[in-house]
Amino acid sequence: MDQANPFETPRTFSLHRAEYLVGFAVSTGLIIANLGEIRWIPFIALFFYIDLIGYIPGAIAFRRSKGEPIPKAYYVLYNVMHSLITQGAVAAVWCWVAGPEWALLALPFHLFGDRGLFGNFMKSFALPFEPVRQPGYLNILDDLGVKHPKPVGHLMDPIPVGHIPAANRHRAGREHVATATRR
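Residues numbered from 1 in each chain as written. Predicted model: local features only at pLDDT ≥ 70, side-chain atom pairs only at ≥ 80, totals over all residues. Heavy atoms only, no water.

Caption draft 1: Local environment of the overall build of the protein chain. Within the protein chain, the secondary structure is distributed over 8 helices and 0 strands. Secondary structure of the protein chain in N-to-C order comes out as α-α-α-α-α-α-α-α. Residues classed as buried in the protein chain amount to 31% of the 183 residues present. Contacts in the protein chain between residues at least 24 apart in sequence constitute 75% of all its contacts with a sequence separation of at least 6. When the accessible area of the protein chain is evaluated, it comes to approximately 11,900 Å², of which 66% is carbon and sulfur surface. (Helix = DSSP H or I, 4+ residues; strand = E, 2+ residues; numbered from the N terminus. Buried < 20%, exposed > 50% of the residue type's maximum accessible area, 1.4 Å probe, protein only. Contact = heavy atoms within 4.5 Å. Areas by Shrake-Rupley, 256 points an atom, 1.4 Å probe, with all protein chains shown as cover.)

Caption draft 2: Expanded view of the packing of aromatic side chains. In this structure the tally under the stated criterion is 13 aromatic pairs. Plain terms: the ring middles of Phe-43 and Phe-109 are 6.4 Å apart, the flat faces sit at 45° to each other, and that makes the pair tilted. On the criterion of sequence distance, the pair formed by Phe-43 in helix H2 (residues 40–54) and Phe-109 in helix H6 (residues 106–118) is long-range, its members being 66 residues apart. Taking relative accessible area as the criterion, Phe-43 reaches 8% and is therefore assigned buried. With a centroid separation of 5.5 Å and an interplanar angle of 85°, the aromatic rings of Tyr-75 and Phe-129 are classed as edge-to-face. Placement of Tyr-75 in helix H4 (residues 72–81) and of Phe-129 in the loop between H6 and helix H7 (135–144) is noted, with a sequence separation of 54 residues between them. Each member of the pair, Tyr-75 as well as Phe-129, is classed as buried. An aromatic cluster is built from Phe-24, Trp-40, Phe-43, Phe-47, Phe-48 and Phe-109, whose rings are joined through pairwise contacts. Lying across the ring of Tyr-78, Lys-123 places its NZ or CZ 4.5 Å from the centre. (Phe/Tyr/Trp six-rings, centres within 6.5 Å; stacked < 30°, edge-to-face > 60°. Lys NZ or Arg CZ within 6 Å of the ring centre and 35° of its normal.)

Spelled out as structure tokens, the structure:
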């Protein structure tokens, strides 16, 4: 909503996704316009390598964890692999080494599709790896008088990774100070 409160209401989230849908439409149009010039093996490899490294390991760990927090390394892998900066660097190196080619459209097609079609943005350490409705966010929407978004279906109800229940925050702060003083 602003720099100090970067939560989005369902409406602004839809508008944010719509911007990426434009990029997805442009990359789709370029793919269609250049179908005969695309080398499909590199295209498919570039499209899938992002999730093979950045999503699938975290998704497996999430499902195996049965709702418990998973290592932050999975979040870092996801965020690095799904970064426009990282994939821009991959495209630049590819162009430098092998030359520019239409197969590189797989990169924006994947990223813009993830964000525009599915609403997948960077993952926060404070939330479960897969989308789960958070009571705190729903309370914010209630305070704003905004309708709740539709729930995401999961077999379990994971706990936010960095969550410290309100009743324990004061105690956790004291423990942190005590630990820091002992060092």
